[in-house]
Amino acid sequence: MGDTMSSDTPHPVTRRQFASCTAAAAAGFLLTACGPRRLREVPKARLRSMLDDLEREYSKTYGKAVTVSDTPAADGVVFAYALDISRCIGCRRCVYACVDENNQSRDPQVHWIRVLSMDKERGIDFAHADAYYDAKEVPQDGHFYVPVACQQCRNPPCTKVCPVGATWAEKDGIVVIDYDWCIGCRCCMAACPYGARHFNWSDAGIPNEQVNPAMHYLGNRPRPRGVVEKCTFCIQRVRKGRYPACVEACPVGARKFGNLLDPESEIRYIIEHKRVLVLKEELNTMPKFFYFYGT
Ligand code: SF4
Ligand code: SF4
């Protein structure tokens, strides 16, 4: 994708980035050999007490009762997303619903979803896409809109380069990050071809009254400065049978979500009956985020 994707859109890995990723790998080796345990290695009993500590800490910080769940992936579920390009009007309501739901920083702003405005004459062309159009004037004649967030790849390059194993794909297909384990080396950002990962340059600026207190350990709990974050399909919602916040917020029903393994699901219907496309198919990342033209 072109430079319009975002300021943290990845570029080809430079020698300097390579050197820093190599150094991070060495540091990671030492950490994993001598340091504390990753979430997936923590015994269940200890995990509950960790979550209790976090709930106490966040409740005190934000002045409200916060819950931090660790709802695991269910058997027989692989989540996928589909977006109807012919319906999207570029209003960015999904962007702000995502910010609210996922405790993204308001100051400085962090957006996990970016909506790109594209010229109908050019078709899908990321090199000429505009992420900074004025959303008050949409939809604009001659334009269409392509929202982009983490594509939850089945073959994710981001997880493979992490030197400390702080990011991985869960069995329901959601690619997650353990914020307590991430060392902020940003190798995953360089590896992601979709510009889907975002680095926290400072602590999240969220007014207390706007904090969403229903949190998941691997999802929307506040991220500290110096770690990477991204969309998790609203893990805190979807593992409890709810839709992602962006699906509910979209005023035109452009966003569809469901279980790929359920033959009766809407997502399966779309994949089987519509012409779907994935972004940058040639890279073999195998996204579970599909785009289609419903009309
Ligand atoms: S879109 Fe980027 S961050 Fe998301 S799974 Fe694929 S490579 Fe990883
Ligand atoms: S809320 Fe729906 S219509 Fe608006 S930008 Fe997002 S996907 Fe498009």
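Coordinates for the structure precede this section.
Scope of this entry: the structure provided in the associated data block. (Residues numbered from 1 in each chain as written. Chains lettered and ligands numbered in written order. Predicted model: local features only at pLDDT ≥ 70, side-chain atom pairs only at ≥ 80, totals over all residues. Heavy atoms only, no water.)

**With respect to the nonpolar core**
Ranked by internal contacts, the top residues of the largest apolar core, which has 57 residues, are Val 68, Ile 113, Phe 233 and Tyr 291. For this core, the secondary structure elements donating two or more residues are α2 (44–62), β2 (79–84), α3 (93–101), β3 (114–119), β4 (143–148), α6 (235–238), α7 (245–249) and β12 (289–292). If you tally residues by element for this core, the top one is α2, at 5 residues. Apart from residues lying up to four places away in sequence, Val 68 is in contact with Arg 48, Leu 51, Leu 54, Glu 55, Tyr 58, Met 215, His 216 and Tyr 217. Counting 14 residues, the second largest nonpolar core, distinct from the first, contains Cys 158, Cys 188, Met 189 and Phe 199. (Core = buried A, V, L, I, M, F, W, Y, C linked by side-chain atoms within 4.5 Å. Buried < 20%, exposed > 50% of the residue type's maximum accessible area, 1.4 Å probe, protein only. Helix = DSSP H or I, 4+ residues; strand = E, 2+ residues; numbered from the N terminus. Contact = heavy atoms within 4.5 Å.)

**Focus on α2**
Between the first and last C-alpha of α2 there are 27 Å, a value that for 19 residues agrees with the 27 Å anticipated at 1.5 Å per step. Those residues of α2 that fall on the buried side of the exposure criterion are Leu 47, Leu 51, Leu 54, Glu 55, Tyr 58 and Tyr 62. Across the axial projection of α2, the buried residues extend over an arc of 105°, all falling on one side. Across α2 from its buried face, at more than 90 degrees, point the exposed residues Ala 45, Arg 56 and Lys 60. Those residues of α2 that are buried are in contact with β1 (67–69) and β8 (214–216). Gly 63, located one to two residues past α2, shows a positive phi value of around 65°. (Expected span 1.5 Å × (residues − 1). Arc of directions from axis to C-beta.)

**Describing the sheet that holds strand β11 (residues 276–277)**
Overall, mixed pairing links the 4 strands, which are arranged β10-β2-β12-β11 in an open sheet. Either end of the sheet is taken by a strand with one partner, and the two such strands are β10 (255–259) and β11. Pairing analysis gives 5 bridges linking β2 to β10, with the strands arranged antiparallel. What sits directly across from Phe 79, in β10, is Asn 259. Strand contacts of helix α8 (residues 266–273): β2, β10, β11 and β12, with the helix running at about 110° to β10, the strand carrying the most contacts. (Pairing = 2+ DSSP bridges. Axes fitted to C-alpha atoms, helices over the stretch in contact; angles between N-to-C directions.)

**Focus: the pattern of salt bridges**
Summed over the entire model, instances satisfying the criterion amount to 15 salt bridges. With its nearest N and O atoms 2.7 Å apart, the salt bridge here joins Arg 56 to Asp 53. Residue Arg 56 and its partner Asp 53 are located together in helix α2, separated by 3 residues, close to a single helical turn. When its relative accessible area of 56% is taken as the criterion, Arg 56 is described as exposed. Of the residues examined, Asp 53 reaches a relative accessible area of 44% and is grouped as partly exposed. Put simply, Asp 125 and Arg 122 hold a salt bridge, and the shortest N to O gap is 3.8 Å. For Asp 125, a relative accessible area of 18% puts it in the buried group. Residue classification places Arg 122 among the partly exposed residues on the basis of a relative accessible area of 47%. Through salt bridges with shared partners, a single ionic network connects Arg 48, Asp 52 and Glu 55. (Salt bridge = Lys/Arg side-chain N within 4 Å of Asp/Glu carboxyl O.)

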